[in-house]
Amino acid sequence: GDIHVGAGVSAVGVGTFGSLDISGDIDVDGHTNLDNVSIAGVTTFASHAHFGDNDKIFLGTGNDFSIYHNGTDTYLDNATGHLVLRNQANDKDIVLQTDDGSGGTTDYLRLVGGYTRMLASQHIRIADTKQLQLGDDSDFQANFNGNHTFVTNNTGILYLTQNVDDGVIRIRND
């Protein structure tokens, strides 16, 4: 049946209810198992939220974005629109770091907010047959097709400038 309470309730032991409506605050101490909890409003965690492998955190009305770990890899999946990483702190960066090959981590790519530029901290390798393209219309291109290297200028004059006093530009061939 129903339970109607006009004042506080203190219970010890096990209670089984088909339905329980509570208005106000609930304070639960100890370990509590709850299945299928719907929360309307703000939820605040004072510590951590733990999820098992392949358990997903869904965001958006249509579950458009999810975060999960499958036991080996971690995924951020976006199913609609752009995926935007935004840092709104003044003069701060977005930094991509990963293993440095020696057990530590290091920067690989930094989007430098204070100087509005990108900084690659490691070598950049472009696969065979893929081009480095500069300009809005790929005006300058450089690529390697697996056998030969090509540098192509598609607009205006190609300048090679040496700004060092008494410097030299050398084209070498074996």
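Residues numbered from 1 in each chain as written. Predicted model: local features only at pLDDT ≥ 70, side-chain atom pairs only at ≥ 80, totals over all residues. Heavy atoms only, no water.

## Observations regarding the sheet that holds strand β8 (residues 140-144)
The sheet built from three strands is open, its strands ordered β7-β8-β9 with antiparallel pairing. The open sheet has two edge strands with one neighbour each: β7 (131-134) and β9 (149-153). Across the sheet, the axes of successive neighbouring strands diverge by a mean angle of 10°, strand direction being ignored. (Pairing = 2+ DSSP bridges. Helix = DSSP H or I, 4+ residues; strand = E, 2+ residues; numbered from the N terminus. Axes fitted to C-alpha atoms, helices over the stretch in contact; angles between N-to-C directions.)

## Focus: the packing of aromatic side chains
All chains considered together, the criterion is met by one aromatic pair. Aromatic pair Y68 and Y75: ring centres 5.1 Å apart, planes at 15°, arrangement stacked. Since its relative accessible area comes to 30%, Y75 is described here as partly exposed. (Phe/Tyr/Trp six-rings, centres within 6.5 Å; stacked < 30°, edge-to-face > 60°. Buried < 20%, exposed > 50% of the residue type's maximum accessible area, 1.4 Å probe, protein only.)

## Quick word on the pattern of salt bridges
One pass over the structure, following the stated rule, counts two salt bridges. Residues D93 and R110 are paired through a salt bridge, measuring 2.8 Å at the closest nitrogen-oxygen approach. Of this pair, D93 sits in the loop between β3 (74-78) and β4 (94-99) while R110 sits in strand β5 (residues 105-112), and the two are 17 residues apart along the sequence. Of the residues examined, R110 reaches a relative accessible area of 23% and is grouped as partly exposed. If you follow the salt bridges from partner to partner, you end up with D93, D107 and R110 in one network. (Salt bridge = Lys/Arg side-chain N within 4 Å of Asp/Glu carboxyl O.)

## Remarks on the sheet that holds strand β2 (residues 65-69)
Taken together, three strands build an open sheet; the order of strands is β1-β2-β3 and the sheet is antiparallel. Two strands lie at the open edges of the sheet, namely β1 (57-59) and β3, each paired on one side alone. Adjacent strand axes in the sheet meet at a mean angle of 10° when their direction is disregarded. As paired elements, β2 and β3 share five bridges and run antiparallel to each other. From the neighbouring strand, Y68 faces β3, where its bridge partner is Y75.

## Observations regarding the confidence of the model for the protein chain
Confidence in the prediction for the protein chain averages 89 pLDDT; 93% of positions are at 70 or higher. The least confident element of the protein chain, judged by mean pLDDT, is β1 at 94; the most confident is β2 at 97. (pLDDT = per-residue confidence, 0-100.)

## A look at a nonpolar patch on the surface
A cluster of nonpolar side chains, namely F17, L20, I22, I26 and V28, defines an oily patch on the protein surface of about 490 Å² accessible area. Along the chain, V28 falls in the segment before β1. The partly exposed category is assigned to V28, whose relative accessible area is 48%. (Patch = residues over 30% accessible without salt bridge, like charges linked within 9 Å, V, L, I, M, F, W, Y side chains within 5 Å. Areas by Shrake-Rupley, 256 points an atom, 1.4 Å probe, with all protein chains shown as cover.)

## Quick notes on the pairing of β2
Sheet topology places β1 next to β2; three bridges connect them, and they run antiparallel. Each residue of the ladder has a partner; that of I57, found in β2, is I67. Between β1 and β2, which pair antiparallel in sequence order, lie five residues; one of them, G60, sits at a positive phi of approximately 100°. Here β2 folds back onto β3 in antiparallel fashion, the turn holding four residues, of which G71 has a positive phi close to 100°.

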